[in-house]
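The residues making up each chain are set out below.
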Amino acid sequence: MSGMLLLADRGFRGFDLWRAAAVTGADLLWRVKNDAVLPVRTLLEDGSYLSEIVAARDKNRRADPIRVRVIEYTLGRDGNGTVYRLITTILDPKAASAVSLAALYAQRWEIESTLDEIKTHQGGPRLVLRSQHPRGVEQEIFAFLLVHHALRDLMHQAARQSDQDPDRISFIRTLRIIRRHVTDQAAFSPLANGAGPGHGPA
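### Examining the overall build of the protein chain
The helix and strand inventory of the protein chain stands at 5 helices and 6 strands. When the helices and strands of the protein chain are listed from N to C terminus, the series reads β-α-β-β-β-β-β-α-α-α-α. Taking all contacts inside the protein chain whose residues are at least 6 apart in sequence as the whole, residues at least 24 apart take part in 43%. About 14400 Å² of surface is accessible on the protein chain, with carbon and sulfur atoms providing 55% of the total.

Given below as structure tokens:
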């Protein structure tokens, strides 16, 4: 979708997959293996360069190449750091510099924390979906995702009010607070609100 940036690790890079993702209108920022063939076509002012990718089946690099921008950098000290190579559909450094894209790619790993929040803490280590039907399982998973989104939105609002980075707010503490609050609310019978038998329209 236009206006979105899709990040992916190096295990997902493929010519056909890249082209299919780019057609959606989203910008792409994917890591590639260090042995990927990315010839330098144009050096850019921010240290990145324009190149092209082709399908693995195109040994002569002649059929329908796709233009990409390559960003290379090393994380680590004493020459023992990890080399990263990213390719992106954002070809203009003025739209997004190499430094900003490299910093943004590091945020991709937050998905691992998100999965841990949902599976380990929100659902619990012994979580078993109760439904015995595919549609019921989908409904349960969707509910888990909605609850997680609601919790994260609450954390975001709290961070804005206190002028903090949302990453500095503990998901586990937030979850515990909400669980206590929901438990307290559940202690009130709906009958007190006139929702029991004999109340409301027939």
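### Overview of the packing of aromatic side chains
Under the criterion given, the structure shown has 2 aromatic pairs. Pairing tryptophan 18 with tryptophan 30 gives two aromatic rings, centres 5.1 Å apart and planes at 85°, and the pair type is edge-to-face. Here tryptophan 18, found in helix α1 (residues 15-23), pairs with tryptophan 30, found in strand β2 (residues 27-31); they are 12 residues apart in sequence, far enough to count as distant. A single burial state applies to tryptophan 18 and to tryptophan 30, both of which are buried. Consider the rings of tyrosine 73 and tyrosine 84, whose centres lie 5.3 Å apart with planes at 5°: the pair is stacked. Of the two residues, tyrosine 73 is situated in strand β5 (residues 66-75) and tyrosine 84 in strand β6 (residues 82-88); the sequence distance between them amounts to 11 residues. Both residues of the pair, tyrosine 73 and tyrosine 84, belong to the buried class.

### Some remarks on the side chain of glutamate 52
Relative to the helices and strands, glutamate 52 is located in strand β4 (residues 49-53). According to the relative accessible area criterion, glutamate 52 is buried, its value standing at 16%. Within the structure, the side chain of glutamate 52 is placed 3.0 Å from the side chain of arginine 41, a separation counted as a polar contact.

### Quick word on the nonpolar core
Grouped together as the largest cluster of nonpolar side chains are 16 residues, with contacts concentrated most on Trp18, Trp30, Leu38, Ile53, Val68 and Ile87. If sequence neighbours within four positions are ignored, valine 68 has contacts with Trp18, Tyr49, Leu50, Ser51, Glu52, Ile53, Ile87, Thr88 and Leu91.

### Notes on the pattern of salt bridges
One pass over the structure, following the stated rule, counts 6 salt bridges. With a closest N to O distance of 3.0 Å, arginine 41 and glutamate 52 form a salt bridge. A residue pair is termed long-range when its members are at least 10 positions apart, and arginine 41 in the loop between β2 and β3 (42-43) and glutamate 52 in strand β4 qualify at 11 residues. Arginine 85 is paired through a salt bridge with glutamate 72; the nearest N and O atoms lie 3.0 Å apart. Placement of arginine 85 in strand β6 and of glutamate 72 in strand β5 is noted, with a sequence separation of 13 residues between them.

### A few points about the sheet that holds β2
Overall, mixed pairing links the 6 strands, which are arranged β1-β2-β6-β5-β4-β3 in an open sheet. Each having just a single partner strand, β1 (5-8) and β3 make up the two edges of the open sheet. The pairing of β1 with β2 spans 4 bridges and is parallel. Note that in β2 the partner of alanine 8 across the bridge is tryptophan 30. Seen against the sheet, α1 touches β1, β2, β4, β5 and β6 and runs at an angle of roughly 155° to β2. Each of β1, β2, β5 and β6 is contacted by helix α2 (residues 98-106), which is oriented at about 75° to β5, the strand it contacts most.

### Some points on helix α4 (residues 134-161)
Taking 1.5 Å of rise per residue, the 28 residues of α4 would be expected to cover 40 Å, and the 41 Å separating its terminal C-alpha atoms lies within 8% of that figure. Among all positions of α4, only Gly136, Glu140, His148, Leu151, Met155 and Ala159 are buried. Downstream of α4 by a residue or two, aspartate 163 has a phi angle that is positive, lying close to 55°.

Calculation notes
- Residues numbered from 1 in each chain as written.
- Predicted model: local features only at pLDDT ≥ 70, side-chain atom pairs only at ≥ 80, totals over all residues.
- Heavy atoms only, no water.
- Helix = DSSP H or I, 4+ residues; strand = E, 2+ residues; numbered from the N terminus.
- Contact = heavy atoms within 4.5 Å.
- Areas by Shrake-Rupley, 256 points an atom, 1.4 Å probe, with all protein chains shown as cover.
- Phe/Tyr/Trp six-rings, centres within 6.5 Å; stacked < 30°, edge-to-face > 60°.
- Buried < 20%, exposed > 50% of the residue type's maximum accessible area, 1.4 Å probe, protein only.
- Polar contact = N/O pair within 3.5 Å; in protein donor to acceptor, adjacent residues only side chain to side chain.
- Core = buried A, V, L, I, M, F, W, Y, C linked by side-chain atoms within 4.5 Å.
- Salt bridge = Lys/Arg side-chain N within 4 Å of Asp/Glu carboxyl O.
- Pairing = 2+ DSSP bridges.
- Axes fitted to C-alpha atoms, helices over the stretch in contact; angles between N-to-C directions.
- Expected span 1.5 Å × (residues − 1).

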